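Given next are the chains, with one letter for each unit.
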Amino acid sequence: MSEPAGRAGEQVYDVVLHVNGVLRPASVPARRLLSDCLRHDLRLTGTHVGCEHGVCGACTVLVDGRPMRSCLMFAVSAQGSEITTVEGLGTPDDMHPVQQAFRECHGLQCGFCTPGFLTTIAAFIEENPEPSEEEAREAISGNLCRCTGYQNIVKATLRAAELSRDSPGEST
Amino acid sequence: MTTKLFGEPVQRVEDAKLITGRAHFLDDLGHDALGAAFVRSPHAHARITDIDITGALEVEGLVAVYTHEDLTGAAGDRLPLLIPHPALTEPRTGYPLARDVVKHVGEPIVMVVARDRYVAEDAAERIVVSYEFLPPVVGVDNARRAERTVHDDVPDNVSAHMVQQVGEVDRAMAAAPHVLELDLEIQRSASMPMEGKGVYARWDAAEGSMRLYSSTQTSTGVRAAVAARLGLPLNKVDCIAPMVGGGFGAKIMHPWPEEVLVPWAARELDREVKWVEDRREHFISSAHERGQIQNVKVGFDDDGRVLALDVRVWHDNGAYTPYGIIVPIITSTQLLGPYKPGSYRVEFWSLYTNTVIVTPYRGAGRPQGVFAMERTMDAIAEQLGLDRAEVRRRNFITPAEMPYDHQMTFQDGRPLIYDSGDFPASLDKLKALIGWDEMSAYAEQARSDGRKVGLGLACYVEGTGVGPYEGAHVVVESSGKVKVATGLTTQGQGHFTSFAQIAADELGVPLEDVEVVTGDTRRFGYAVGTFASRAAVMSGNAIAMASRKVRAKALHIAGEALEVDPGDLEIVDGVVRVKGSPKSAIPLATVAVLSNPLRYAFDEASKAATQFAVGDTSGPPIGADQEPGLEGTDYYSPVGSAYANGMHAVLVENDAETAETKILRYCVVHDCGPLINPMIVEGQVHGGVAQGVGGALYERMEYDENGQLLNASFMDFLMPYASEVPTIEIDHLETPSPLNPLGIKGAGEAGVIPSAAVFAAAIEDAEGFSIRSMPISPSELFELRRRHAAGEVPSLTRRTATKSAAKRTTAKKATAKKATAKKTTAKKAPTKRRTTS
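Being a predicted model, the structure only gives us computed values, none of them experimental.

**As for the packing of helix α10 (residues 366–384) of chain B against helix α18 (residues 755–767) of chain B**
Residue and element names in this part refer to chain B.
- Packing of α10 against α18 brings their axes to within 8 Å, and their N-to-C directions diverge by 30°. Viewed along their axes, α10 and α18 adopt a mutual orientation that is roughly parallel. The hand of the α10/α18 crossing is right-handed. Residues Val 370, Phe 371, Glu 374, Arg 375 and Asp 378 of α10 touch α18, and the partners they reach there are Ala 756, Ala 757, Ala 760, Ala 761 and Glu 764.

In structure tokens, the structure reads:
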């Protein structure tokens, strides 16, 4: 973290975040949420904010491989960690198995909560490559979705694990 | 032939960008816009005595502070009454920023604009508003007692009182062999989309034009309202709904105060301004729904046929009525469900309370109406000792009676006439799907083993696809790509896919060549909005009709080019060809080129349309009835709603100790006519059921007596996670609507409609005593059990009619209740004989 710089009466810190494999500099006040920094400073708007109090899980990103609520973290405290957002999971031409599975299984409707599910599930299937349906349901039960009723997200979780097993090494 | 896409579970075309973080929701736009925040009333009812903004002025980065008196022109006027109705005799709407008095917690008072949202909130919290407290009215019961008032000039708190009656209810009730009365209650819940509301405005001072983005369910509605409030010509205002993170009704209400204020401030400041609602704001200042108290009186014969139904509803409309009385009108008409009571009267009072406004939430008054009707059906079955499914069947409208005219007026101002449906067939499907008899036996066996297992079912009819109209523009570009635009918006329903399926089928082009745009007034300016399960019916048909126009035009032009009769042509995979002679063909792309006679070529293909390339010089390049471009616009405007229907059954087990309800099976039979995309329809049903589970078992708005919303966060307002929602089993019946070209009926709201009713039925069956109020929490069920054990809540009589001799106390109580029922019967008996002889 560099010297505090002046910006409109509030101390600003120059930080460098390691996001999706790229070092990204940003100048942020101490209170800048990681979610806001990712979205508005780094313009990685795939991470969404649904409640800003850590309950809905839409803002979930991977911090050193673990799902974390980026609305409950400050940007300045994310320095030194490897952060993966939904943009880092895969691209439309080269999707992560969990992204493929969501499309195949109709695991999303409005898509607002989806990035949080995708990051959560990406980490989960790393940890548990052959989950049962019950384990899949358990794994996603910390994220809120208001559209799908979860049935197809459970299905997509199982399918993502299957796709990952079929093509090992492709998942993040 | 091109493979038909209508009816296929096509994967969604919009998903690729949504799952890779490349889609744009409201707050993904305008990173450099100024941020707005609001000072909102912390009190439910108070007079504003002073607003001191001096503290805010010290905040570095502050740009502007506005109160009511700063608002110029129509921007400060009372917000519009969107849907006037003759019965809404005392409509009241609020101001964008409160003037003098606040009437609910969350009402906006001061708007702050600053460098960003953080700074705007810093400034907002330094603004001191002084209040003189006024007594608040909270809850339907307090509202109807009217010891206090919300609006000084509405002494009874009644905004609207409406009665609809069909047949001689009083006479039929007096003559009925059996009469029952039920007092029912449903508490408040809310749409609660994952993305809150948001507005982003870009004023172009040079052009004098406004471009507005809003997370809305109606961009044309917002556009018209903003133009009016800002005194701008309509063609100087555009409104775009970007990707919208769910709506479920809350975003059909408009203009929200912020939808007026953000563009107004953007013009005042000549800067981009954005406001993004946070979750607490959404709880206290966006709309709620559902809260009602109901009284049902029903007269029926020995077979359980309803002869007279007399329903009174007290509806909580919150502090203002900008959306009119649509919700209680829907409750009072859709309550009828698939049934044909001999006579029907429904009377409602819509009541003011010092709480946030009530406007449609998915289902829009139907869950309450269905609750009333289905509780009644169960009570009739209970009284007569009949099977609950059988009682329903006996009251069904039969397919032969379609179209069925209820002789009432529906929410669209048109006659309540069911166009389609086969209710007996749907019931058969549902009974087969869940195994009604087996599950009844299973539940009974489980109960005799001491478990609290119960089975319930509920039926509904939903008027979908309400008018007045939607339209679509379809154009084949010279690349051969098809661009479809319709004005209504999308909040996750998969319109980009299902609408593309329709256009691709009609035009004979591959799905990937079709691109659909919704909710952008720059692309299509005439529209109503996405609500009332109307998008597929309205825009789906408009797109089909516009596509047919384009197809006819393409065949006409291709016919001339190929020198064949257009009737001999077909379009397959984007190529117009002679039927049976596919070598004689012309690509749609070339037809598009030919449709627009050119003087100047802009590429290789367009040379074909230039003046020396076109052969026939006998007539003008554009014929008398023709227009340039391979495009067409059309509108679908129905005479009435298309009525979808469904039936749900659930098997639950309540924990014997904790009274927690666990869902063992959940089955749905759904009839929305032909399915455009079954995968998407089932997804809609899943989501609706999940919201229904929430509304039945978990979600409620907990206002205290001061009008403070105690659970205004996701920590405290319990929405279901995956752990609470069951796997849903679905079967479809597809009875087409005769009203529209595609025969389709809406599906969006279906899943949520019968939930309160079906869970009440199953929990009641499990426990052996009546459930009259929803949602029901474990604590409430626990308390009911205690009161039941203490003899304060009677047992179901049907329980004693079954063989279990063990439960002697239950039997005794039930007998007592049955005796009362018999007394009613005896009293009515002479009349019965008169009417039946």
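**What to know about the domain arrangement of chain A**
Residue and element names in this part refer to chain A.
- Looking at chain A, the domain boundaries give domain 1 (12–87) and domain 2 (97–166).
- Between domain 1 and domain 2, the contact holds 17 residues from the first and 13 residues from the second.
- Taken over both partners, the interface formed by domain 1 and domain 2 buries close to 1000 Å², and the fraction arising from carbon and sulfur atoms is 62%.
- The interface formed by domain 1 and domain 2 includes 0 salt bridges.
- Inspection of the region where domain 1 meets domain 2 yields 6 residue pairs in polar contact (both at pLDDT 80 or more).

**Some words on the packing of α10(B) against helix α11 (residues 388–395) of chain B**
Residue and element names in this part refer to chain B.
- Axis separation between α10 and α11 bottoms out at 9 Å; the angle between their running directions is 115°. It follows that α10 is roughly perpendicular to α11 by the angle criterion. The handedness of the crossing between α10 and α11 is right-handed. Contacts from Glu 374, Met 377, Asp 378, Ile 380 and Ala 381 in α10 reach Arg 388, Val 391, Arg 392 and Asn 395 in α11.
- Residues belonging to the contact of α10 with α11 are distributed by class as follows: 4 nonpolar, 1 polar and 4 charged.

**Digging into the sheet that holds strand β4 (residues 101–102) of chain B**
Residue and element names in this part refer to chain B.
- Ordered in space as β4-β2-β6, the 3 strands form an open sheet in which the pairing is antiparallel. For this open sheet the edge positions go to β4 and β6 (128–133), each flanked by a neighbour on one side alone.
- Two strands pair when backbone bridges link them, and strand β2 (residues 46–52) and β6 are joined in this way by 6 bridges, in the antiparallel orientation. By the bridge assignment for β6, Asp 50 is matched with Ser 130.

**Examining the side chain of B:Lys274**
All names here are of chain B.
- Along the chain, Lys 274 falls in strand β12 (residues 273–276).
- Residue class for Lys 274 comes out buried when judged on its relative accessible area of 9%.
- One polar contact links the side chain of Lys 274 to the main-chain carbonyl oxygen of Gly 30, over a distance of 3.4 Å.

**Details of the confidence of the model for chain B**
Residues and elements named next belong to chain B.
- Looking at chain B as a whole, its pLDDT mean stands at 93, while 95% of the residues score no less than 70.
- Note on residues 801–837: pLDDT is under 50 here. Beyond four places in sequence and across chains, it has 33 contacts.
- Two summary scores accompany this predicted model of the complex, namely pTM at 0.93 and ipTM at 0.95.

About the thresholds
Residues numbered from 1 in each chain as written. Chains lettered and ligands numbered in written order. Predicted model: local features only at pLDDT ≥ 70, side-chain atom pairs only at ≥ 80, totals over all residues. Heavy atoms only, no water. Axes fitted to C-alpha atoms, helices over the stretch in contact; angles between N-to-C directions. Helix = DSSP H or I, 4+ residues; strand = E, 2+ residues; numbered from the N terminus. Parallel < 35°, antiparallel > 145°, perpendicular 65-115°, else oblique. Left-handed = near helix turned anticlockwise from the far one by under 90°. Contact = heavy atoms within 4.5 Å. Domains from an automatic or database assignment. Buried area = accessible area lost by both parts, 1.4 Å probe. Salt bridge = Lys/Arg side-chain N within 4 Å of Asp/Glu carboxyl O. Polar contact = N/O pair within 3.5 Å; in protein donor to acceptor, adjacent residues only side chain to side chain. Nonpolar A, V, L, I, M, F, W, Y, C, P; charged D, E, K, R; others polar. Pairing = 2+ DSSP bridges. Buried < 20%, exposed > 50% of the residue type's maximum accessible area, 1.4 Å probe, protein only. pLDDT = per-residue confidence, 0-100.

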